[in-house]
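# Descriptive structure summary
Okay, here's what each chain looks like letter by letter:
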Amino acid sequence: MPFNRTLKLLDYFDYESDIERLPFLNKSNWTPKIETISSPISKLVQNNYRTVTLLNSPLLDRDNLDRHQRLALTQLKNNKDIVIKPADKGSAVVILDRQQYLLEARRQLDNPDHYIRLPHSIQNQTQSLLIVFQKLQTKGYINHKQKMYLIGPNPPRPRCFYLLPKVHKDPKAWTIPFEVPQGRPIVSDCGSESYNSAQYVDHFLNPLSQIHDSYLKDAYDFIEKIRDKSFPGHAFLFTADIESLYTNIDTRLGLEAVRECFNRHPDPCRPDDLILQLLEINLTRNDFEFDKQCYLQIQGTAMGKMFAPSYANIYMAYWERTLQSKFTERPALYFRYLDDLFGVWSHGPESFDRKNQNLKDLLVRSSLPSDPVAAPPTWTKYFRQPKVLWTDPRGHVALPRITLLTRNVVYLITCTHCDHRYVGETGKTLQTQLKQHLRNINLQNLNTPLVKHFASIDLSYFIISGLEANFLWSSGERKRREMVWIRDLNTSFPCGFNIGDRVWAEVGDPVW
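Here the structure is a predicted model, which means the values were calculated and not measured.

Okay, the overall build of the chain next. Helices and strands together make up the secondary structure of the chain, namely 18 helices and 15 strands. Here the chain holds 512 residues, and the buried ones make up 42% of them. Considering only contacts within the chain whose residues lie at least 6 apart along the sequence, 71% involve residues at least 24 apart. Of the roughly 30300 Å² of accessible surface on the chain, a fraction of 54% belongs to carbon and sulfur atoms.

Quick look at the structure:
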């Protein structure tokens, strides 16, 4: 019995509760022998065994359901036409028609911004990447037993995707109103090849995720923090909710947020680069099964990863610092519990409600439109935005949704004839930069590998794509991200078209 084992352990170790135990080890099943513990505890343990034996007597082992109730329960459990799940919030149990459950699941899984189908599982290949733990052992961060635990089980348990129905939402806003509720996607990670590595990552992220000004631990923490606050009479409360936070975190921005957090809180005993490697493996190789089909999540993190709450918290703190530094007016009070925001605004409703344009604002004009003019040239034939990008040796990297009108962007030019590539950056729209590149190629007014190459072949081989964009970037931040992509994609000449320290000076001023 676990209770008796706990009693024996406490007695054996003289009730010391502050014994330092190494993390990342399989749980021990060792139990002190009965003759090594004190007489009072020995008698108590033996009495417990006798009591449990009596309670487990066949004479007392009676079913609390009658035969008809037990039969109905078995039939309900074996009914393949329904799916029974706990509700996303509250303690309700939801019974769904199987086809309705599949409809909602496939609505989410068929979204190419978040998932792609795989022909088979990649768990074995992922496990081979966990050689990172050998480096951690070599550098003295973990011992051999910890390494064997962190590498994970062999064979690993396949991850499983399921939904928690959001029946607390307005039924009119359901996927099919009043019939099929939206579902919160969960990927069960227990027993997978990277489950223990996610535990290792969370060991370092969790304490850091709580070190920011807006952090709320729970309701008691919230009450304590606002207990002595006072505000002017014209101030008002505001709340906000971030929709689908976990699945919408851009992976590159998330990794950058964690790196920035490590830099803000340095620790010489923390292997930052190796932790980031493990985090990236967990984020980019999160494959799972649903209805006999394999999928790969290509954006965000799954609810089910142990580090997901800490990772999301660090990302949001990074986002808050970046955004608030650009505000001239700030809330008098601001707190956040993961994706739920609460604050007090004391600068008046007119400065809080920065109204966005609606369709009426965009379309209604008082003046008569002038005669139509010739349509501008089409640039879309040179633009292609893939959902994922293969980078050796890391595998598939998810790309964000970028268009030709996106500003503040790091981009990729590919020659589909020879597969050589060029990475660039611009604070203007991607279309403006595309026009400038094509102008330089047509006029041959720059003596660079990119211009010389495309001047010698058909421009139909020229394709531009977006790699990363952030409207909050400064010029320096954008250039640093460009350098990271040049390194990751190995586009420096002669492997690619980027040259030396002038990798961001390949084009001149834009042509309007």
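Anyway, onward from the coordinates.
Here we come to the pattern of salt bridges. Tallied over the entire structure, the rule returns 24 salt bridges. Of the charged contacts in the structure, one is a salt bridge between Arg159 and Asp287, with a shortest N-O distance of 2.9 Å. Of this pair, Arg159 sits in the loop between helix H7 (144–151) and strand E4 (160–165) while Asp287 sits in strand E7 (residues 287–290), and the two are 128 residues apart along the sequence. Judged by relative accessible area, which is 2%, Arg159 ranks as buried. With a shortest N-O distance of 4.0 Å, Arg264 and Glu260 are connected by a salt bridge. One end of the pair is Arg264 and the other is Glu260, both in helix H11 (residues 251–264) and four residues apart, which spans about a single turn.

A separate point is a nonpolar patch on the surface. A cluster of nonpolar side chains, Leu76, Ile84, Val93 and Ile95, forms an exposed patch at the surface whose accessible area comes to about 370 Å². Mapped onto the secondary structure, Ile84 falls in strand E1 (residues 82–86).

For the rest of this paragraph, the subject is the pairing of E1. The pairing of E1 with strand E2 (residues 93–97) spans five bridges and is classified as antiparallel. Each residue of the ladder has a partner; that of Ile84, found in E2, is Ile95. From the end of E1 to the start of E2, which pair antiparallel, there are six residues, and Gly90 there has a positive phi angle of about 85°.

We now examine the packing of H11 against helix H12 (residues 272–284). Direction vectors running N to C along H11 and H12 enclose 160°, while the axes themselves pass 11 Å from each other. One finds that H11 runs roughly antiparallel with respect to H12. Crossing hand, H11 versus H12: right-handed. The residues of H12 that touch H11, namely those facing Thr251, Leu255, Val258, Arg259 and Phe262, are Asp272, Asp273, Ile275, Leu276, Leu279, Glu280, Leu283 and Thr284. A per-class count over the contact of H11 with H12 returns seven nonpolar, two polar and four charged.

Here the chain averages 86 in pLDDT, and 89% of its residues register 70 or above. Segment residues 501–512: pLDDT under 50, and 34 contacts once partners within four positions in sequence are set aside and those in other chains are kept.

Attention shifts here to the pairing of strand E15 (residues 462–469). Burial runs high along E15: seven of the eight residues are buried. Of the strand pairs in this sheet, strand E13 (residues 409–415) and E15 are connected by seven bridges, and their pairing is antiparallel. Residue pairing across strands places Cys415 opposite Phe462, the latter belonging to E15.

Next up on the list: the sheet that holds strand E10 (residues 340–345). Pairing is antiparallel across the open sheet formed by three strands, whose spatial order is E6-E10-E9. Of all the strands in the sheet, just strand E6 (236–241) and strand E9 (333–337) have a single pairing partner and so form its edges. Sheet twist, expressed as the mean angle between neighbouring strand axes with direction ignored, is 15°. The pairing of E6 with E10 spans six bridges and is antiparallel. Bridge pairing in E10 places Leu237 opposite Val344.

What follows deals with the side chain of Arg481. Its location among the elements puts Arg481 in helix H18 (residues 475–489). One polar contact links Arg481 to Glu468, side chain to side chain, over a distance of 3.1 Å. In this structure, Arg481 is in contact with Arg252, Glu256, Val410, Glu468 and Trp473, ignoring residues within four places of it in sequence.

Turning next to the sheet that holds E15. If you walk across this open sheet you meet the three strands as E14-E13-E15, and the pairing is antiparallel. Strands at the two margins of the open sheet, each flanked by one partner only, are strand E14 (421–426) and E15. Looking at each pair of strands side by side, their axes are set apart by 25° on average, direction ignored. Where helix H16 (residues 430–443) meets the sheet, it contacts E13, E14 and E15, and its direction lies at approximately 145° from that of E15. Running at roughly 170° to E14, H18 makes contact with E13, E14 and E15 of the sheet.

As enumerated under the stated definition, the model contains 19 aromatic pairs in all. With a centroid separation of 5.1 Å and 80° between ring planes, the pair formed by Tyr12 and Phe13 is classed as edge-to-face. Through a chain of ring-to-ring contacts, the aromatic side chains of Tyr101, Tyr115, Phe161, Phe288, Phe290 and Tyr295 assemble into a single cluster. Stacked on the ring of Trp485, the Lys or Arg Arg252 has its end atom at 3.4 Å from the ring centre.

For the coordinates displayed, the defined rule picks out zero disulfides. Cys418 carries a free sulfur, and the closest cysteine sulfur to it, the one in Cys415, is 3.6 Å from it.

Criteria and thresholds
Residues numbered from 1 in each chain as written. Predicted model: local features only at pLDDT ≥ 70, side-chain atom pairs only at ≥ 80, totals over all residues. Heavy atoms only, no water. Helix = DSSP H or I, 4+ residues; strand = E, 2+ residues; numbered from the N terminus. Buried < 20%, exposed > 50% of the residue type's maximum accessible area, 1.4 Å probe, protein only. Contact = heavy atoms within 4.5 Å. Areas by Shrake-Rupley, 256 points an atom, 1.4 Å probe, with all protein chains shown as cover. Salt bridge = Lys/Arg side-chain N within 4 Å of Asp/Glu carboxyl O. Patch = residues over 30% accessible without salt bridge, like charges linked within 9 Å, V, L, I, M, F, W, Y side chains within 5 Å. Pairing = 2+ DSSP bridges. Axes fitted to C-alpha atoms, helices over the stretch in contact; angles between N-to-C directions. Parallel < 35°, antiparallel > 145°, perpendicular 65-115°, else oblique. Left-handed = near helix turned anticlockwise from the far one by under 90°. Nonpolar A, V, L, I, M, F, W, Y, C, P; charged D, E, K, R; others polar. pLDDT = per-residue confidence, 0-100. Polar contact = N/O pair within 3.5 Å; in protein donor to acceptor, adjacent residues only side chain to side chain. Phe/Tyr/Trp six-rings, centres within 6.5 Å; stacked < 30°, edge-to-face > 60°. Lys NZ or Arg CZ within 6 Å of the ring centre and 35° of its normal. Disulfide = S-S within 2.5 Å.

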